[in-house]
Structures are given as C-alpha cells and as structure tokens.
Amino acid sequence: MSSYSDMQKAVRVEKFRIWFAWICAGVIALIIGKAVDSADLGTVGMVVQLLLVAAWLALTVAAFRMTGALNRRAEAARREVLGEDFPD
C-alpha cells in the first residue's frame, strides 16, 4: 500500500512543480512584454509580444498534457493496488 501512497505524493509534487514553473514563466513573460512595450520598439515590440503569447499558449498546453499524463499514471497505480486492472 505504501507504493500507492508514494505514487500519490510523487504525483502531487510533480503537479506542483509543473504549475509553479508555468506561473514563473508567465510572470517572466509579462515582465518582458511590459519592458518591450515601454521601450517603443514599434513592429519589433509587437512581434516579440506575439511570440510571448504563442510561447505562453504552448506552455499551457504542455502543462495540461503533463498533468493529464500524471493523472493517468496515478489512476493506473490506484487500479493496480485495488486489483481493478482490467484491460480496456
């Protein structure tokens, strides 16, 4: 049973790391975007801001996919512990 408990703890920690990194990246992107906006770079500034938005969207998709993968791994461990490991 400790194996499942260890898996739950590991999944919780990894989810926290994923979303903490996502928040940090978002804050950094906002800081860069604000600096570029206030520097009056014109078209270059707009391109940089669009790239930051695209990167943020990609990071968001990656974070949700990683969280989903962790949820599936935890569900598989739960099924194994409870003996519900039936083939789909």
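Source: prediction; values computed, not measured.

*Asks:* Could you give an account of a nonpolar patch on the surface, with specific residues and numbers?
*Replies:* The grouping of Ile23, Val27 and Ile31 at the surface amounts to a nonpolar patch, some 270 Å² of accessible area in total. Here Ile23 is to be found in helix α1 (residues 2-38). By relative accessible area, Ile23 is classed as partly exposed at 47%.

*Asks:* Lay out the packing of aromatic side chains in plain terms, naming residues and giving numbers.
*Replies:* Tallied over the full model, the rule gives 4 aromatic pairs. For the pair Phe16 and Phe20, a centre-to-centre distance of 5.9 Å together with 15° between the ring planes defines the contact as stacked. One end of the pair, Phe16, and the other, Phe20, are both in helix α1, 4 residues apart, so they sit about a helical turn from each other. The exposure class assigned to Phe16 is exposed, which follows from its relative accessible area of 59%. For Phe20, a relative accessible area of 48% gives the class partly exposed. Ring centres 5.1 Å apart and planes at 75° place the aromatic pair Trp19 and Phe64 in the edge-to-face group. You can see Trp19 sitting in helix α1 and its partner Phe64 sitting in helix α2 (residues 43-82), a full 45 residues away along the chain. For Trp19, a relative accessible area of 23% puts it in the partly exposed group. Accessibility expressed as a relative area gives 55% for Phe64, which makes it exposed.

Basis of the calculations
Residues numbered from 1 in each chain as written. Predicted model: local features only at pLDDT ≥ 70, side-chain atom pairs only at ≥ 80, totals over all residues. Heavy atoms only, no water. Patch = residues over 30% accessible without salt bridge, like charges linked within 9 Å, V, L, I, M, F, W, Y side chains within 5 Å. Areas by Shrake-Rupley, 256 points an atom, 1.4 Å probe, with all protein chains shown as cover. Salt bridge = Lys/Arg side-chain N within 4 Å of Asp/Glu carboxyl O. Helix = DSSP H or I, 4+ residues; strand = E, 2+ residues; numbered from the N terminus. Buried < 20%, exposed > 50% of the residue type's maximum accessible area, 1.4 Å probe, protein only. Phe/Tyr/Trp six-rings, centres within 6.5 Å; stacked < 30°, edge-to-face > 60°.

Honestly, it's all geometry; don't read function into it.
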